[in-house]
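Report on the structure
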Amino acid sequence: MIQFQQVSKYFHGKPAVEDLNLNIAAGEFTVLIGTSGSGKSTTLKMINRLIEHDRGKILFAGDEIHSFKPQELRRRMGYAIQSIGLFPHWTVEQNIATVPQLLKWPRGKIRDRVTELLELLHLDAAQFRGRYPHQLSGGQQQRVGVARALAADPEVLLMDEPFGALDPVTRGALQLEIARIHQLSGRTIVLVTHDIDEALALADRIVLLDQGKIVQQGSPRHLLTQPANAFVRHFFGQNDIGIKLLGLGAAGDRAHKGERLEGK
Ligand code: ADP
């Protein structure tokens with residue numbers, strides 16, 4: 001679905017990511033993890049051309065990313081990010097409808113889609129569609145942000161720390177929602193986080209980055225049981241979800257993600 005072949009990006013002559021090789025299969029939940037400045041956001045933004053890569057090739061559905069018009073990428077790839085908030089003077093409905101409006105969907109279809117998404121994210125549509133962002137809690141705003149990213153039914157969902165700055169309970173609830181949406185829709189998801197528990201709980205495949213390079217990639221279980229080096233071993237260390245995942249035995253990789261998150 002998404003392939004990086006020897007991809008590099010430089011800022012002021014310094015590599016932000018270098019010689020990245022990545023192969024994200026359709027329907028896979030991939031988590032990009034690493035410390036701050038390791039190149040996660042840059043990698044994510046190169047997928048939808050918010051950042052243009054300098055070297056190598058990026059393919060989407062078999063074609064070079066450059067052959068797609070930005071508008072087509074906006075339609076086919078939803079993007080949710082913590083720091084780009086909702087438009088403050090627009091209602092929840094108008095915010096969610098951003099991309100469908102651009103695509104000139106009929107009004108009735110947009111309205112139905114907004115209702116469907118609010119219900120999917122456990123927000124009562126009648127109550128919430130007319131509200132403004134300042135009338136929502138942080139967790140509700142994040143839900144609307146995810147709904148906005150899903151609005152045009154994209155094949156790929158890209159998320160950059162979408163649950164950042166939330167309290168642990170709301171964060172856990174939203175993680176469960178995302179796991180459920182992934183299981184329901186089989187969408188390809190790429191999530192950036194620096195939260196190890198989140199990565200272990202949600203990922204089919206984890207890509208661990210350090211200083212712009214991939215240190216190791218594989219299933220959570222693989223990284224926990226066969227760390228490529230001491231960096232990987234220390235990075236994941238000992239934590240509850242990891243131990244639980246290993247406790248699930250061979251079924252761990254396939255286990256329902258809700259099971260991994262349960263009782264976190
Ligand atoms: P992460 O998401 O893992 O925190 P980033 O991808 O944001 O890392 O950044 C990787 C490196 O690229 C960092 O050294 C960062 O300072 C640099 N970088 C990212 N964006 C820019 C930019 N717009 N201008 C200059 N340097 C940047």
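In short, a report on the structure. In this text the structure is predicted, and so the values were computed from the model without any measurement.

Quick notes on the rules
Residues numbered from 1 in each chain as written. Predicted model: local features only at pLDDT ≥ 70, side-chain atom pairs only at ≥ 80, totals over all residues. Heavy atoms only, no water. Helix = DSSP H or I, 4+ residues; strand = E, 2+ residues; numbered from the N terminus. Rg over C-alpha atoms; globule rule 2.2 N^0.38 Å. Buried < 20%, exposed > 50% of the residue type's maximum accessible area, 1.4 Å probe, protein only. Contact = heavy atoms within 4.5 Å. Areas by Shrake-Rupley, 256 points an atom, 1.4 Å probe, with all protein chains shown as cover. Core = buried A, V, L, I, M, F, W, Y, C linked by side-chain atoms within 4.5 Å. 1 Å grid on protein atoms, 1.4 Å probe; cavity = no way out; pocket = protein on both sides within 12 Å on 5 of 7 lines; lining within 4 Å. Points joined across faces, edges and corners; volume = space filled by probe spheres on them. Near = heavy atom within 4 Å. Polar contact = N/O pair within 3.5 Å; in protein donor to acceptor, adjacent residues only side chain to side chain. Salt bridge = Lys/Arg side-chain N within 4 Å of Asp/Glu carboxyl O. Phe/Tyr/Trp six-rings, centres within 6.5 Å; stacked < 30°, edge-to-face > 60°. Lys NZ or Arg CZ within 6 Å of the ring centre and 35° of its normal. Pairing = 2+ DSSP bridges. Axes fitted to C-alpha atoms, helices over the stretch in contact; angles between N-to-C directions.

**Points about the overall build of the protein**
- When helices and strands are counted, the protein shows 13 helices and ten strands.
- For the protein, whose C-alpha radius of gyration is 18 Å, the value lies close to the compact-globule estimate of 18 Å for 264 residues.
- Classification of the 264 residues of the protein by burial places 51% in the buried group.
- In the protein, the share of contacts with a sequence separation of at least 24, taken over all contacts with a separation of at least 6, comes to 66%.
- Within the structure as shown, the protein displays about 12200 Å² of accessible surface, and the carbon and sulfur contribution to it stands at 52%.

**Considerations on the nonpolar core**
- Membership of the largest hydrophobic core comes to 49 residues, with the highest contact counts inside it found for Ile33, Ile96, Ile206 and Phe236.
- Ranked by residue count, the leading element in this core is helix H7 (residues 138-150), at five residues.
- Ignoring sequence-local partners within four residues, the contact set of Ile96 consists of Val114, Leu117, Leu118, Val144, Ala147, Arg148 and Ala151.
- Counting residues in each nonpolar core, the second largest holds 26 residues, with Val7, Ile58, Phe60 and Phe68 among its members.

**So, the layout of surface pockets**
- Roughly 360 Å³ of volume is contained in the largest pocket.
- Lining the largest pocket are 16 residues, and of these Arg74, Tyr79, Thr98, Val99 and Arg148 lie nearest its centre.

**A short note on the site of the ligand**
- In the vicinity of the ligand, the contacting residues are Phe11, His12, Ala16, Thr35, Ser36, Gly37, Ser38, Gly39, Lys40, Ser41 and Thr42.
- Contacts to the ligand include Lys40, whose side-chain N or O atom sits 2.9 Å from an oxygen atom.

**Brief notes about the pattern of salt bridges**
- Following the criterion strictly, the structure yields 16 salt bridges and no others.
- Between Asp19 and Arg55 there is a salt bridge whose closest N-O contact spans 3.3 Å. Here the residue Asp19 occupies a position in strand E2 (residues 14-24), and Arg55 occupies one in strand E4 (residues 55-60), the gap between them amounting to 36 residues.
- Take Asp19: its relative accessible area is 31%, and that puts it in the partly exposed class.
- Of the charged contacts in the structure, one is a salt bridge between Arg113 and Asp153, with a shortest N-O distance of 4.0 Å. Remark: Asp153 occurs in the loop between H7 and strand E7 (156-160) and Arg113 occurs in helix H5 (residues 107-120); sequence separation between them is 40 residues.

**Section: the packing of aromatic side chains**
- Evaluation of the coordinates by the stated rule reveals four aromatic pairs.
- With a centroid separation of 5.3 Å and an interplanar angle of 55°, the aromatic rings of Phe60 and Phe68 are classed as tilted. The same class applies to Phe60 and to Phe68, which are both buried.
- Here the aromatic rings of Phe235 and Phe236 are separated by 5.3 Å at their centres, their planes lie at 75°, and the arrangement is edge-to-face.
- Here a set of aromatic residues connected by ring pairs shows up, and it is made of Phe231, Phe235 and Phe236.
- Its guanidinium or amino end placed over the ring of Trp105, Lys109 lies 4.1 Å from that ring's centre, counting from NZ or CZ.
- One cation-aromatic arrangement involves Arg148 over Phe87; the distance from NZ or CZ to the ring centre is 5.5 Å.

**Some remarks on unusual backbone geometry**
- Even without being a glycine, Gln6 presents a positive backbone phi close to 50°.
- Taking the relative accessible area as the measure of exposure, Gln6 reaches 41% and is therefore partly exposed.
- The backbone phi angle of Asp19 is positive, close to 50°, even though this residue is not glycine.

**As for the sheet that holds E7**
- Strand order in the open sheet made by the six strands is E6-E7-E8-E3-E9-E10, with mixed pairing throughout. Among the strands making up the open sheet, the edge pair consists of strand E6 (77-81) and strand E10 (213-218). Direction aside, neighbouring strands of the sheet carry axes that sit 15° apart on average.
- By the bridge criterion, five bridges tie strand E9 (residues 205-210) to E10 in an arrangement that is antiparallel. By the bridge assignment, Ile206 is partnered in E10 with Gly218.
- On top of the sheet, H7 reaches E6 and E7; it is set at about 165° to E6, its chief contact.

**Some thoughts on the pairing of strand E1 (residues 2-11)**
- Of the pairings in the sheet, the one linking E1 to E2 comprises seven bridges and is antiparallel in character. Residue pairing in the sheet places Ile2 in a bridge with Ile24 of E2.
- Linking E1 back to E2 in an antiparallel pair, the connection comprises two residues, with His12 at a positive phi of about 50°.
- Note that E1 and E4 share five bridges and pair antiparallel.

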